[in-house]
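# Observations on chain architecture
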Amino acid sequence: MTEAILLVGGKGTRLRPLTVHTPKPMVPAAGVPFLAHQLARARAAGVEHIVLATSYLAEIFEPYFGDGSAMGLHVEYVTEQEPLGTGGAIRNVASRLHSGPDDPVLVFNGDILTGLDIRALVRTHRTTGADVSLHLTKVTDPRAYGLVPTDETGRVTAFLEKPQTPEEIVTDQINAGAYVFRRSVIDTIPVGRPVSVERETFPDLLAAGAHLQGMVDSTYWLDLGTPAAFVRGSADLVMGRAPSPAVPGRCGDRLVLPTARVAPDAKLTGGTVVGEGAFVAEGARVFGSTILPGAVIEPGAVITDSLIGTRARVGQRSVLTGTVIGDGAVIGADNELREGARVWCDARIPAGAVRFSSDQ
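None of these values were measured; they are calculated from a predicted model.

### Thoughts on the overall build of the protein chain
- For the protein chain, the count of helices and strands is seven helices and 28 strands.
- Here the C-alpha radius of gyration of the protein chain, 22 Å, is about what a compact globule of 360 residues would show, namely 21 Å.
- On the principal axes, the C-alpha backbone points of the protein chain span a range of 70 × 50 × 35 Å.
- A burial count over the protein chain gives 55% of its 360 residues as buried.

Encoded structure:
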């Protein structure tokens, strides 16, 4: 048996207003909380015991997942009273682990959607005798990430901050947010203070001569930290581009949850999700978007690459592109909202109040 720690304590500030009332891992992707996809993939890889390291809105997790038995898991919850960073969160849950000193412990960041071969990462860790093994992925433009160069055997040689000049881009390999720790290494992380594994733990281990192994797996990988990425990840799950046993239905162009209602002439494509109790009215067109539970899309509205919050309403003929509408917000008829617009929870936009073109 392999144990796992899921780091789900972040505030998800880049995703607001989605995360005003909901912690980021509990925001629905392809019809279920994103965390459900991570738990299901871990279970499919043979993980039986998972500790959730929670902090922000911690009380929301356990009522949904309980003890994990419905998913064939044993799930425990540990809540940070003050944010401890990635390394501090890992150390904070160490007392709940059952592994021996040399056993492997999986660690996952709670906002990464990936097709990683989890079993292969554990095998790599065992066969190389590493202290920590890291999932690495290759990206076309690594400037927004920390770089992780390796030697010809895959052993990590450095951790480099985000490159500022072309000369600093020495590799296209980045830290992909999944690790295997030797259990005893977790116990060396300082207790009771914020610690970053990326900026402190890993560089310090490397400087001390520890063996850090990288495994490049360039299957599907997406950081769901922004609204645009979250919407895309949900659509990719629905269409089967990103693998998950937790998608509640067959993969295809749309996913309509059982109690949702969709008018016969409404058009849903591009991995669109319509959540429980939501309604999409006649003549509406929804492309690559997520309609959360209880939301209403009125006749003739056109929604593209957007996320419509729980119980929100989009008025007749309104056109939304690349937009996030917070829970309970109301967009009146004949509005136009374009890329990057975020409407806060319970806000009201009157009919025809926001446009980027003539009203004729």
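### Focus: the pattern of salt bridges
- The full count for this structure, using the stated rule, is 13 salt bridges.
- The closest approach of N and O atoms between D102 and R182, which form a salt bridge, is 3.3 Å. With D102 in the loop between α3 (85-92) and β6 (104-109) and R182 in strand β9 (residues 173-182), this pair connects stretches of sequence that are 80 residues apart.
- The buried category is assigned to R182, whose relative accessible area is 17%.
- Its salt-bridge partner being D236, residue R241 comes within 3.3 Å of it at the nearest N-O pair.
- What makes D236 buried here is its relative accessible area of 7%.

### Points about the UniProt feature "domain: Mannose-1-phosphate guanyltransferase C-terminal" (unreviewed entry) in the protein chain
- The residues that UniProt annotates with the feature "domain: Mannose-1-phosphate guanyltransferase C-terminal" (unreviewed entry) are residues 252-332.
- Secondary structure content for residues 252-332 is 0% helix and 42% strand, and the end C-alpha separation is 31 Å.

### What to know about empty space enclosed by the protein
- What the rule picks out here adds up to one cavity of 30 Å³ or more.
- Counted as a void, the largest cavity has a volume near 170 Å³.
- Lining the largest cavity are 18 residues, with Q38, R41, F108, I112 and T114 positioned closest to its centre.
- Looking at the lining of the largest cavity, the elements with two or more residues in it are α1 (34-44), β6, β7 (112-114) and β9.
- For the lining of the largest cavity, the element with the highest residue contribution is α1, accounting for five residues.
- When its residues are assigned to classes, the lining of the largest cavity shows ten nonpolar, seven polar and one charged.

### Looking at the environment of V32
- Within the secondary structure layout, V32 lies in strand β3 (residues 32-33).
- Separated by 243 residues in sequence, V32 and G275 place their C-alpha atoms 9.0 Å apart.
- Apart from residues no more than four positions distant in its own chain, V32 is found in contact with V27, H37, Y64, A246 and P248.

### What to know about the domain arrangement of the protein chain
- Domain annotation for the protein chain reports domain 1 (2-223) and domain 2 (253-349).
- In this structure, domain 1 and domain 2 have C-alpha centres spaced 33 Å apart.
- In this assembly, eleven residues from domain 1 lie in contact with 13 residues from domain 2.
- Between domain 1 and domain 2 lies a buried interface of about 940 Å² when both sides are counted; carbon and sulfur atoms form 68% of it.
- At the junction of domain 1 and domain 2, the tally comes to zero salt bridges.
- Joining domain 1 to domain 2, the criterion identifies two residue pairs in polar contact (both at pLDDT 80 or more).

### Some details on unusual backbone geometry
- In the segment running from R16 into P17, the intervening peptide bond is cis, with an omega of 15°.
- Structurally, the position occupied by P17 is in the loop between β1 (2-7) and β2 (28-29).
- A positive phi is found at D346, a non-glycine position, where the angle reads about 65°.
- For D346, the location among the structural elements is in the loop between β27 (342-343) and β28 (348-349).

### Concerning the nonpolar core
- Formed by 30 residues in total, the largest nonpolar core has its most connected members in L6, L35, L39, I50, L52, L106 and F108.
- Contributing elements (two or more residues each) for this core: β1, α1, β4 (47-54), α2 (61-65), β5 (74-79), β6, α4 (118-128) and β9.
- A total of five residues in this core trace back to one element, the largest contributor, which is α1.
- Contact partners of L106, with chain neighbours within four places excluded, come to T2, E3, A4, I5, V47, I118, V122, Y179 and V180.
- With 29 residues, the next largest nonpolar core counts L97, V148, Y179 and I186 among its residues.

### Points about helix α7 (residues 227-239)
- Across its 13 residues, α7 extends 18 Å between first and last C-alpha, which sits within 8% of the 18 Å expected from 1.5 Å per residue.
- Regarding α7, the residues found buried are P227, A229, F230, V231, G233, S234, A235, D236, L237 and V238.
- Once α7 finishes, G240 follows within two positions and takes phi at roughly 85°, a positive value.

### Focus on the sheet that holds strand β26 (residues 336-337)
- Strand order across the open sheet formed by five strands is β14-β17-β20-β23-β26, with parallel pairing between neighbours. The two strands at the open ends of the sheet, each matched to only one other strand, are β14 (267-269) and β26.
- Strand direction decides the pairing type here: β14 and strand β17 (residues 285-287), joined by three bridges, are parallel. The residue bridging K267 from the neighbouring strand is R285, located in β17.

Cut-offs used in this document
- Residues numbered from 1 in each chain as written.
- Predicted model: local features only at pLDDT ≥ 70, side-chain atom pairs only at ≥ 80, totals over all residues.
- Heavy atoms only, no water.
- Helix = DSSP H or I, 4+ residues; strand = E, 2+ residues; numbered from the N terminus.
- Rg over C-alpha atoms; globule rule 2.2 N^0.38 Å.
- Buried < 20%, exposed > 50% of the residue type's maximum accessible area, 1.4 Å probe, protein only.
- Salt bridge = Lys/Arg side-chain N within 4 Å of Asp/Glu carboxyl O.
- UniProt positions renumbered as here; feature names shortened; annotations may be inferred.
- 1 Å grid on protein atoms, 1.4 Å probe; cavity = no way out; pocket = protein on both sides within 12 Å on 5 of 7 lines; lining within 4 Å.
- Points joined across faces, edges and corners; volume = space filled by probe spheres on them.
- Nonpolar A, V, L, I, M, F, W, Y, C, P; charged D, E, K, R; others polar.
- Contact = heavy atoms within 4.5 Å.
- Domains from an automatic or database assignment.
- Buried area = accessible area lost by both parts, 1.4 Å probe.
- Polar contact = N/O pair within 3.5 Å; in protein donor to acceptor, adjacent residues only side chain to side chain.
- Core = buried A, V, L, I, M, F, W, Y, C linked by side-chain atoms within 4.5 Å.
- Expected span 1.5 Å × (residues − 1).
- Pairing = 2+ DSSP bridges.

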